[in-house]
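# Chains, contacts and geometry: an overview
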Amino acid sequence: MLKKICPWCGEKTTLNQLGRRPVKKKPQWYEFSRSVRVCPYCAGAVKPGGKSMWFMVLALPAFMSFMIDSFTGFNVLKELDAETAGWVLFLLGCIGAYYFGIFEKVENV
C-alpha cells in the first residue's frame with residue numbers, strides 16, 4: 001500500500017530507517033530543525049512529499065473543534081450536528097496522508 005522509495009538509489013525506505021545529518025546552509029527564521037533526514041542506503045537528503053501534507057487539511061475541522069473544546073468547553077462540531085462528519089474527515093485525512101506519503105529529494109542541502 002505505501003511505497004517509500006529513495007529518489008537516488010530506488011531502495012524502499014521507511015521513516016524509522018531514516019537518519020539525520022546537519023544542514024550545511026544557515027536555517028531560515030521559520031525553520032525549527034538544523035538537520036535533515038537522510039536515506040539509510042545512499043545518505044541523500046529526503047523529505048515527505050507535498051501531496052500527503054494536503055490531506056491533513058481534512059483533519060483540520062475535528063482538530064480545531066477539539067482545541068476549542070479544550071480551552072473554552074464549547075464543542076463546535078456537536079453544536080453544528082456535524083460531529084460524525086468531522087471525525088470521518090479526520091480519519092480520511094490521516095489515511096490519505098499515510099497512503100500518499102512518499103519521499104522527495106531535498107535540493108541545496
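Parameters at a glance
- Residues numbered from 1 in each chain as written.
- Predicted model: local features only at pLDDT ≥ 70, side-chain atom pairs only at ≥ 80, totals over all residues.
- Heavy atoms only, no water.
- Helix = DSSP H or I, 4+ residues; strand = E, 2+ residues; numbered from the N terminus.
- Buried < 20%, exposed > 50% of the residue type's maximum accessible area, 1.4 Å probe, protein only.
- Phe/Tyr/Trp six-rings, centres within 6.5 Å; stacked < 30°, edge-to-face > 60°.

### Observations concerning unusual backbone geometry
Positive phi outside glycine occurs at Asp81, with the angle close to 55 degrees. Mapped onto the elements, Asp81 comes out in the loop between α3 (76-79) and α4 (83-99). Residue Asp81 is classed as exposed on the basis of its relative accessible area, which comes to 73%.

### Section: the packing of aromatic side chains
Applying the stated rule across the entire model yields three aromatic pairs. Seen from their ring centres, Trp87 and Phe90 are 5.6 Å apart, and the 80 degrees between their planes marks the pair as edge-to-face. One end of the pair is Trp87 and the other is Phe90, both in helix α4 and three residues apart, which spans about a single turn. Owing to a relative accessible area of 30%, Phe90 belongs among the partly exposed residues under this scheme. On the basis of an interplanar angle of 85 degrees and a centroid distance of 5.0 Å, the ring pair of Tyr99 and Phe100 is categorised as edge-to-face. Aromatic ring contacts, followed pair by pair, group Phe55, Tyr99 and Phe100 into a single cluster.

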